[in-house]
Amino acid sequence: MSAFKYGVSLYSYTEDLGTVMSLEDAFDHVAGTGSTGIEILGETSIPTYPEPTTAWLDNWFALLDRYQLEPTNMAAWVDTRITIGRNMSAEEGAAQIAQDLRLAHRLGFKFLRPKFGVIDGELTPDPIWQPAVERNLDLAHQLDIVILPEIHSPTPIKHPVTDAYIAFIERTGTKNFGLMIDTGIFQDRPLNKWGGGETDEIRKKALSFLNGIKVPVEHLADVIQYVPFIQAKFHHIDENLHDHHIPWDRIVPMLKKLGYAGYLSSEYEGARDPWVSIEQVRRQHALIRKLEAEYDAAHGGNVHA
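The present account deals with the structure reproduced in this document. Just so we're clear, the structure is a prediction, and the values are computed from it rather than from any experiment. (Residues numbered from 1 in each chain as written. Predicted model: local features only at pLDDT ≥ 70, side-chain atom pairs only at ≥ 80, totals over all residues. Heavy atoms only, no water.)

**Focus: the nonpolar core**
For the record, the criterion: By nonpolar core is meant a set of buried Ala, Val, Leu, Ile, Met, Phe, Trp, Tyr and Cys residues that side-chain atoms within 4.5 Å join together. Burial status follows relative accessibility: with a 1.4 Å probe on protein chains alone, a residue under 20% of its type maximum counts as buried, one over 50% as exposed, and anything between as partly exposed. Helix and strand assignments follow DSSP, with helices taken as H or I runs no shorter than four residues and strands as E runs no shorter than two, numbered in order from the N terminus. Residues count as neighbours in contact if any of their non-hydrogen atoms are within 4.5 Å of one another.
With 83 residues, the main nonpolar core has Leu 107, Ile 181 and Trp 248 as its most contacted residues. Looking at which element gives the most residues to this core, the answer is helix H4 (residues 90-107), with eight residues. Apart from the residues lying within four places of it in its own chain, the contact partners of Trp 248 are Thr 183, Ala 232, Lys 233, Phe 234, Asp 243, Pro 253, Gln 284, Leu 287, Ile 288 and Leu 291.

Take a look at the structure:
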């Protein structure tokens, strides 16, 4: 029976990193969960992005070796409105992606998540995404990296944005472009004090999706063949391993049923008080491992350690 791989995004430790936590501390906490994978945000994790120093690179690879972690996904941005008065051209977008692909490869990553600039509230990406990505498919193939745009709230699985990504995969026949699912799309309960509180944006209904868009987990079946990596978004898990917002008791069995064997990379996005993220990530790993073990036991598989 297929088993999940477990990882952590350094985004989980936002505000701790660089204040009460060093990069090595972060590696130590990731490894302490039993994870094998580490995910970074290129522009925020690398002090001299896009050109890391020799000292930083030496430390990066030394930490990977010391803590026995593998690089999973590098998050990147294609900021189509970086200039005033005009949007980024397809050529400029392609150059940005190429730069990040080369950097990701240099650091050992197998996935690159480009966050494209959007043109509406449903996160429809700027139309340059298609030519910009297509011009990089050969490079991605050479570097053995899969480009993964994120399916992120408020965009559900059944949506023109997702359909366009799938149509692109089918038209090009590429194996170097896919989908990254952010589990925040399955949030089915509103944010409360544990998840950041009722913000002004929620009260004004400007960002009402923060209270959950309740995508049915069954919709995963329609896209799972295109999904090699999942960001395990969450906001708060209590001491009884109860998640207040994300229905892991439905997500985990569905992923197991569909045979998903890729990474679940923790992406904590709750309260940012010092050190809280460390315990929250540990709780999430304990919860998901528990649910996976229960599923395996009930279906005759080997329990994943």
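**Observations concerning the sheet that holds strand E9 (residues 263-268)**
We apply this condition: Strands pair, by our definition, only if DSSP identifies at least two bridges between them.
Ordered in space as E5-E4-E3-E2-E1-E9-E8-E7-E6, the nine strands form an open sheet in which the pairing is parallel. Each edge of the sheet is formed by a strand with only one pairing partner; in this case those strands are strand E5 (146-147) and strand E6 (150-151). In terms of strand pairing, strand E8 (residues 229-234) meets E9 through six bridges, oriented parallel. Residue pairing for E9: Ile 230 is matched across the bridge by Leu 264.

**With respect to the layout of surface pockets**
The test is simple: Cavity means a closed set of points on a 1 Å grid over the protein atoms alone, one where a 1.4 Å probe fits but cannot get out, pocket means an open set with protein on both sides within 12 Å along at least 5 of 7 lines, and lining means a residue has an atom within 4 Å of a point. Grid points are joined across faces, edges and corners, and a volume is the space filled by probe spheres set on the points. Polarity classes work like this: nonpolar for Ala, Val, Leu, Ile, Met, Phe, Trp, Tyr, Cys and Pro, charged for Asp, Glu, Lys and Arg, and polar for all others, with Gly in that last group.
Estimated volume of the largest pocket: approximately 480 Å³. Of all the secondary-structure elements, those providing two or more residues to the lining of the largest pocket are strand E2 (37-41), strand E3 (70-78), strand E4 (111-116), helix H7 (160-172) and E8. Examining the composition of the lining of the largest pocket, we find that four residues originate from one element, E4, more than from any other. When its residues are assigned to classes, the lining of the largest pocket shows 16 nonpolar, six polar and eight charged.

**So, the pairing of E3**
For E3, the tally of buried residues reaches seven of nine residues, placing the bulk of the element in the interior. Bridge count between E2 and E3: four bridges; the pairing is parallel. Following the sheet pairing, Leu 41 is matched in E3 by Ala 75. Here E3 pairs with E4 via six bridges, running parallel.

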